[in-house]
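Structure assessment
Below, each chain spelled out in residue letters.
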Amino acid sequence: MLALVFAVQGAFQTRARIADTFDRQSQIQAAQLELEELLRLQIDEENSLRGYALTHDPFYVGRYRASTQDFDTKESAIRTMLVSQSPPHGLALLALLDEYDRIQVEWRRDIAVPVLAHPNQPLSEFERRTDKAFSDYETRTVAQLRDQLAGVNADLARSTQTQLDRTSYVRAFWLLVFGLLAIIFNAYSSRLGRELEQERTTTEVLQRAFLSEAMPLPNAEIGAAYQSGSELAVGGDVFDVYRLSDDLALLLIADVSGKGVDAAVLTAFIKFTIRGIALRRRDPGAILAEFNTAFAQTVENPYLFVSMFVAIVNTRNFHVRYASAGHDSAFVRRSHEVQQLAVTGPVLGVMEEPFETKQINLNAGDVLVLATDGLTEARDRSGKMVGEEGAIALIAQADPAPQRLVDELVAKVKAIGGNRLRDDLALLALRPTSVGIGFDDA
Amino acid sequence: MRSARWLALGAAFALYLSAAPAAQADCNLRTHQHVVLYSSTEDPDVLLWDSRFRLRAYHAATFDEAQELVRHARLAPGGTHAVVESCVPDFVDSPLFERPADAVGVLIVSGKYSGQRGWVLGPDVRP
């Protein structure tokens, strides 16, 4: 930015200097032309006087006076042009012009005035010699003025050329600087982009590896969706559907605070730890309590916490025993009525508390919908949040088929946010296709 | 004895060549050459100086000094005939001249100054 400011300022200064030099050069060139005109007027004066001395015709007196007046006007105009020149050129030129003017004034006094006063009286030998000296020295002074004007003109032309050359060099320098800066910035940006892309790819690979596959369950349809809220980072949402036995399945959905690789790794920890605990314990509250202990011992970051919903589903009778660690985005849709499942304990990673286990029984056609806060906390462009009631309404209006239901929810959340997601969104839906009789402790 | 005489004659000739202010090759004029005086300045009259040093001083002087010097010159009208008597090359310098001019010694052979001698500026002498 600073380089850009310097470059622009330098360009303006150079332009002003070149404009000034051009202006001075045009003044000098005008003075050169005017000087030749001045010399012509001086010769007119002298010839008019000679004409009068020889013929005594008053016509020559009139011509003499007109030439005198024009000479003085022209001399004054040249003086104005030379005054605008900076020293030392201007002073030297003005000194020569002064000398020229003085000689002409003295010529008028010593030669012209006596001739005009006594046209019949010829000039004396001495006056003629003096007249010759006047003529010689005026010629000499004009020649000197001519030479000096030509010299100044050449100097100014050289100066303009030098400034133009310098401008070219400076422009080339700044181009080089900006070019190098652009290359460096581009390289840095590419490197940063590569690193970000690498992290995203790594995280996505990890998440793909760890993210819940919707494992098919007997007598049930499963729908699942996961959408990241950012292109540069992935979130910490996770869900899992895992068969614990022929008749039992683990349903899990969790939301880790934070994003990126740390969160993604934590989702893996959640998934496999919960699976491991669930293979030994079938009580969701006990599963959460054991996980909470393991989480506190494993994760050292005090700012990380997890909201989680865990359910053990009997895939014969679809009795669902569940516990919710601060995860309130769990719903049961029966026909078009939607019920929100209450949380049964605090979020994980905050305190050691027991987690209550509750049970619901699903009938054929009922849909258990589990979501992360990307659903309830989605906002429209004015900032208004969907909220729990909005989420319930969306679920109630959606297609009952689990996969279509979650796809519809993703599309609606995107539409609400102006075709983009502000937060990660994980959705899991389970619908029993046939409900039979089974034992809960299978 | 004879060789001493020849040596003295040679030395005298050499002295003559070096001391004589006669026209030389640089002057492009010959002694006794008939010329016309005509000034190259806007006034065709020619100043005829009583000394080549005053001729030189006039062209190097300021205007005020030049006005005093012209007392020592006569003004020969343009077209006056003269005969070259001597020439000193590159003797006169002036801000007007690109290179120094010759000083030419002439004998006036026409007009009211006929028979008088003087020094004039080389460019004012026309063969």
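See above for the structure.
Let me sum up the structure you'll find in this document. (Residues numbered from 1 in each chain as written. Chains lettered and ligands numbered in written order. Predicted model: local features only at pLDDT ≥ 70, side-chain atom pairs only at ≥ 80, totals over all residues.)

A few words now on the nonpolar core. In terms of nonpolar packing, the biggest core is built from 72 residues, with Leu251(A), Leu288(A), Val310(A), Leu370(A), Leu427(A) and Leu428(A) touching the most fellow members. It is strand E3 (residues 248–256) of chain A that provides the largest number of residues to this core, a total of 8 residues. Each residue touching Leu288(A), except ones within four places of it in the same chain, is listed here: Met308(A), Val310(A), Ala323(A), Ala325(A), Gly345(A), Leu348(A) and Phe355(A). With 59 residues, the next largest nonpolar core counts Leu38(A), Trp107(A), Leu145(A) and Val125(B) among its residues. (Core = buried A, V, L, I, M, F, W, Y, C linked by C-beta atoms within 7 Å. Buried ≥ 20, exposed ≤ 12 C-beta atoms within 10 Å, placed from the backbone. Helix = DSSP H or I, 4+ residues; strand = E, 2+ residues; numbered from the N terminus. Contact = placed C-beta atoms within 7 Å.)

Let's shift gears to the sheet that holds strand E9 (residues 367–371) of chain A. Residue and element names in this part refer to chain A. With antiparallel pairing, the 5 strands of this open sheet are ordered in space as E1-E10-E9-E6-E7. This sheet does not close on itself; its edge strands, each paired only once, are strand E1 (220–227) and strand E7 (337–340). Averaged over neighbouring strand pairs, the angle between their axes works out to 15 degrees when direction is ignored. Taken together, the 8 bridges between E1 and strand E10 (residues 425–432) define a ladder with antiparallel strand orientation. Each residue of the ladder has a partner; that of glycine 223, found in E10, is alanine 429. In the packing of helix H8 (residues 387–397) onto the sheet, contacts are made with strand E6 (330–334), E7 and E9, and the angle to E7 comes to roughly 140 degrees. (Pairing = 2+ DSSP bridges. Axes fitted to C-alpha atoms, helices over the stretch in contact; angles between N-to-C directions.)

The next subject is the sheet that holds strand E5 (residues 319–325) of chain A. Strand pairing in a sheet is mediated by backbone hydrogen bonds. Such pairs are either parallel or antiparallel. Residues and elements named next belong to chain A. Pairing in this open sheet of 5 strands is antiparallel, and the strands run E2-E3-E4-E5-E8 from one edge to the other. In this open sheet, the two edge strands, each paired with only one partner strand, are strand E2 (237–243) and strand E8 (358–361). Across the sheet, the axes of successive neighbouring strands diverge by a mean angle of 15 degrees, strand direction being ignored. Running at roughly 145 degrees to strand E4 (residues 306–314), helix H6 (residues 284–298) makes contact with E4 and E5 of the sheet.

Before going further, it helps to spend a moment on the environment of Asp237(A). Residue and element names in this part refer to chain A. With respect to the helices, strands and loops of the structure, aspartate 237 is situated in strand E2. Of the residues examined, aspartate 237 has 29 C-beta atoms within 10 Å and is grouped as buried. As for aspartate 237 and alanine 426, which are separated by 189 residues in sequence, their C-alpha atoms are 6.2 Å apart. Once you skip the residues sitting within four places of it in the chain, aspartate 237 turns out to touch Tyr226, Asp255, Thr372, Asp424 and Ala426.

All names here are of chain A. One can describe the packing of helix H2 (residues 58–83) onto helix H3 (residues 89–117) by two numbers: an axis separation of 10 Å at closest approach and a directional angle of 165 degrees. It follows from the interaxial angle that H2 and H3 lie roughly antiparallel. Crossing of H2 against H3: the hand is left-handed. Across from Val61, Phe71, Glu75, Ile78, Arg79, Leu82 and Val83 in H2, the residues of H3 making contact are Gly90, Leu93, Leu94, Leu97, Asp101, Gln104 and Leu116. Residue composition of the contact of H2 with H3, by class: 9 nonpolar, 2 polar and 3 charged. (Parallel < 35°, antiparallel > 145°, perpendicular 65-115°, else oblique. Left-handed = near helix turned anticlockwise from the far one by under 90°. Nonpolar A, V, L, I, M, F, W, Y, C, P; charged D, E, K, R; others polar.)

Moving on: H3(A). Because each turn of an α-helix spans 3.6 residues, side chains separated by three or four positions in sequence point in the same direction. Residues and elements named next belong to chain A. The terminal C-alpha atoms of H3 lie 41 Å apart, and with 29 residues this matches the ideal 42 Å at 1.5 Å per residue to within 8%. Taken as a whole, H3 carries its principal kink of about 35 degrees at arginine 108. Among all positions in H3, only Leu93, Leu97, Tyr100, Ile103, Gln104, Trp107, Ile111 and Ala112 are buried. (Expected span 1.5 Å × (residues − 1). Bend = angle between axes of the 7 residues up to and from the residue.)

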